[in-house]
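# Summary of structural features
Below are the chains, spelled out letter by letter.
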Amino acid sequence: MDPGSFLTGREAPAPDPLPRSVSAKELVAEYIRNCPRRPPEDVLGLLGRKIKVLLDERFDPEDIRAALERLRAKGLHPSVLPSLVNEVVNAAPQAASASSSASGAGPWASTTSSGYTPYLNPTEPTTFGGRL
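The present account deals with the structure reproduced in this document. As the structure is a computational prediction, the values presented were derived from the model and not from experiment.

Moving on: the packing of helix α3 (residues 61-74) against helix α4 (residues 81-90). Running from amino to carboxyl end, α3 crosses α4 at an angle of 120°, the nearest separation of the two axes being 8 Å. The angle between α3 and α4 places the two elements in the oblique class. Both α3 and α4 take part in a crossing whose hand is right-handed. Two secondary-structure elements touch here, α3 through Asp63, Ile64, Ala66, Ala67, Leu68, Arg70 and Leu71 and α4 through Leu81, Leu84, Val85, Glu87, Val88 and Val89. When its residues are assigned to classes, the contact of α3 with α4 shows ten nonpolar, no polar and three charged.

Structure representation (structure tokens):
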């Protein structure tokens, strides 16, 4: 600021008070409690580092917990934790609609409301008992 200048504008708003912060150690401890057997130290060390980076990026601890649950349930490598957090926070909601199919191919693969009718020529025999 130049000498003799006047302050203009307004004060910056105070940052939102953060809820009780959760440490990476606490999240790793929760992860270990939910495992049937304690994972190897190398896995836990890498997991702790990945969690710390995510917390430093200000991701919600609840989103990280959800990603940790997916990681544990699928038995994945800790290096995929950021991808799982991304999946938790950015995945499109799954709508349980009748237009989706079990194959995941979308409404065009659905058998419930299909507009497809196979061609059947009524003048030709449709069985081997008729003339072919």
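Those residues of α4 that fall on the buried side of the exposure criterion are Leu81, Leu84 and Val85. Considered in projection along α4, the buried side chains sweep an arc of 100° and stay on one side of the axis.

Leu27, Tyr31, Leu47, Ile51, Ile64, Leu68 and Leu81 are the most contacted members of the largest nonpolar core, which has 18 residues in total. Where this core is concerned, the elements lending two or more residues are α1 (24-33), α2 (41-56), α3 and α4. If you tally residues by element for this core, the top one is α2, at five residues. Those residues in contact with Ile51, other than ones at most four positions away along the chain, are Ala24, Leu27, Val28, Ile64, Leu68 and Leu81.

Moving on, we get to the pattern of salt bridges. Following the criterion strictly, the structure yields six salt bridges and no others. Between Glu41 and Arg38 there is a salt bridge, and its shortest N-O distance comes to 2.7 Å. Residue class for Glu41 comes out exposed when judged on its relative accessible area of 53%. Arg65 serves as the salt-bridge partner of Glu62, at 2.6 Å between the closest nitrogen and oxygen. With Glu62 and Arg65 both in helix α3 and three residues apart, this pair spans about one turn of that helix. One connected set of salt bridges, linked through shared partners, spans Glu30, Glu62 and Arg65.

Each value, and the rule that gives it
Residues numbered from 1 in each chain as written. Predicted model: local features only at pLDDT ≥ 70, side-chain atom pairs only at ≥ 80, totals over all residues. Heavy atoms only, no water. Axes fitted to C-alpha atoms, helices over the stretch in contact; angles between N-to-C directions. Helix = DSSP H or I, 4+ residues; strand = E, 2+ residues; numbered from the N terminus. Parallel < 35°, antiparallel > 145°, perpendicular 65-115°, else oblique. Left-handed = near helix turned anticlockwise from the far one by under 90°. Contact = heavy atoms within 4.5 Å. Nonpolar A, V, L, I, M, F, W, Y, C, P; charged D, E, K, R; others polar. Buried < 20%, exposed > 50% of the residue type's maximum accessible area, 1.4 Å probe, protein only. Arc of directions from axis to C-beta. Core = buried A, V, L, I, M, F, W, Y, C linked by side-chain atoms within 4.5 Å. Salt bridge = Lys/Arg side-chain N within 4 Å of Asp/Glu carboxyl O.

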